[in-house]
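# Analysis of the macromolecular model
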Number of protein chains: 2
Amino acid sequence: MELPVAILQNTSLFRGMTEEEIRHLITCLASPVRRYGKGAFIWHAGEKVSHAGIVLSGIVDAVQYHDDGSMHLVARQTAGGVFGDLLMATDQPSPVSLQATEEAEVLFLPLDEILTDCGRRCPFHIRLRHNLLQEAADKYWQLHRRLQYLSEQSLRRRILLYLQDCRRDMGGSYFTIPYTREELAKFLGVNRSALSRELSRLQKEGIIDFHRNSFRILQ
Amino acid sequence: MELPVAILQNTSLFRGMTEEEIRHLITCLASPVRRYGKGAFIWHAGEKVSHAGIVLSGIVDAVQYHDDGSMHLVARQTAGGVFGDLLMATDQPSPVSLQATEEAEVLFLPLDEILTDCGRRCPFHIRLRHNLLQEAADKYWQLHRRLQYLSEQSLRRRILLYLQDCRRDMGGSYFTIPYTREELAKFLGVNRSALSRELSRLQKEGIIDFHRNSFRILQ
DNA sequence: TCCTTTCTGTTGCCAAAGCAACGGAAGTAT
DNA sequence: ATACTTCCGTTGCTTTGGCAACAGAAAGGA
């Protein structure tokens, strides 16, 4: 297939490279592209992973199946998203399964080839490693932030902390959040109706203003 | 000072290298060693970080100071521990401060030199990069696991999930946990007395057995 | 050994939040 | 326009777990 190099330029791993450099690199790495049907598993939980994947099209989810049969969405990647970067680097078996929630095309990058110098001394190889490390670090701090929300003891403080972070990230007094109420409740680890109730209280008390997904912090 | 290469051999970053290789590498990287007095700050929150640090002696804590003046311990490293690995890799300013809780000696490794080939083509340079990525990934999944505890809605399930993981990690029906009650409560994000109460209930119901830090899961 | 400090378990009270159920609003397909 | 589905706010009831205070056990120092 024809590689959509334009998509790759906007991925975290290939950021800052020219189309030509990316083509060169993918040749160096001998990266295969695979297609997965809707619902197909890319890796199962418990396996060891040796590649990272870049989603070229479709949706790839990291999911966790619990003992009681319930399943939990850990992360979702769409076109341009990277997965497996934090799995291939560890010796541990994967705690999550990777599944194509919609039919998906994936470009795989083998860890060994990323780390090793390919012998042609491509300078973007260094850049790739830097980008990979950055991707891992960014994901770490993202998780760290979520952990801070869950560490707040009161629902009110969870909400306010989250909204303040949102405002800071998006800059501007009005901002929108990327979740439905149900999703936000799950993200903050609380009951949906309790979340709605507390949001209403905050609005009554003049601390925030909101409608649906649009929010504003008043004080 | 004389570098304690023996300590370094047991660190995650230099794992799998001979003493000689480590010496060579440290020369390559031109890694400085610094000493910090008790309470001294290594980095302040908000700064950008360009080095990782290996603790040679003493204690280095990653802490977070809240608006209300309270402070929160995020991570602690003692001799052989690595910090800053996940800070230097991101463009974001550091969300935590690094502080020497006890007088400490630290070996610093500059990110640029880790990523770049030093020109002498040392093969352990590759190994170092691999170890660094692995360290980052391991820390990520550790955080992920903690997040799973906090995502459990009931105290009972948090406790059981944690204890089951402990048993799995330590292998054997009896196991000990590395926290006091107070610390465990904070780790699981619950009130200490509520934790004690639930532990007692679990014991009364014959689900677990414990005394102080020694635990056993009965069913 | 004795004193002091820290750690742990226990209990009563109460507020915060989970749960379930309902109804209206918004969005989508026919 | 209508029917249907999803999303959101509201409310009453109930439970969980936070909080405070106390007492006994363990640990550490003089």
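Notes on the structure in this doc start here. (Residues numbered from 1 in each chain as written. Chains lettered and ligands numbered in written order. Predicted model: local features only at pLDDT ≥ 70, side-chain atom pairs only at ≥ 80, totals over all residues. Heavy atoms only, no water.)

### Concerning the protein's contact with DNA strand C
Neighbouring residues of DNA strand C: 21 residues in total, closest L155 and R212 of chain A together with R181, S200 and F210 of chain B. The sugar-phosphate backbone supplies 55% of the atoms of DNA strand C found within 4 Å of the protein. Within the side chain of R197 of chain A, a nitrogen or oxygen atom sits 3.2 Å from a base nitrogen of DNA strand C. Within the side chain of S200 of chain B, one N or O atom sits 2.3 Å away from a phosphate oxygen of DNA strand C. (Near = heavy atom within 4 Å. Polar contact = N/O pair within 3.5 Å; in protein donor to acceptor, adjacent residues only side chain to side chain.)

### Notes on the interface of chain B and chain A
The accessible area lost on association of the parts is a frequent measure of interface size. At the junction of the two partners, chain B supplies 37 residues and chain A supplies 37 residues. Carbon and sulfur atoms make up 66% of the area that chain B and chain A hide from each other, which totals about 3,700 Å². Put simply, chain B and chain A have zero salt bridges between them. Summed over the shared surface of chain B and chain A, the result is eight residue pairs in polar contact (both at pLDDT 80 or more). Contributions of two or more residues to the side of chain B that touches chain A are made by α3 (111–115) and α4 (123–151) of chain B. The greatest single-element share of the side of chain B that touches chain A, amounting to 19 residues, is contributed by α4 of chain B. When grouped by side-chain class, the residues that make up the side of chain B that touches chain A number 18 nonpolar, nine polar and ten charged. (Contact = heavy atoms within 4.5 Å. Buried area = accessible area lost by both parts, 1.4 Å probe. Salt bridge = Lys/Arg side-chain N within 4 Å of Asp/Glu carboxyl O. Helix = DSSP H or I, 4+ residues; strand = E, 2+ residues; numbered from the N terminus. Nonpolar A, V, L, I, M, F, W, Y, C, P; charged D, E, K, R; others polar.)

### Focus: unusual backbone geometry
Residues and elements named next belong to chain B. Despite not being glycine, A30 shows a phi value in the positive range, around 50 degrees. For R212, which is not glycine, the phi torsion reads 55 degrees and is therefore positive. Considering the arrangement of structural elements, one finds R212 in the loop between β8 (208–211) and β9 (214–217). Take R212: its relative accessible area is 65%, and that puts it in the exposed class. (Buried < 20%, exposed > 50% of the residue type's maximum accessible area, 1.4 Å probe, protein only.)

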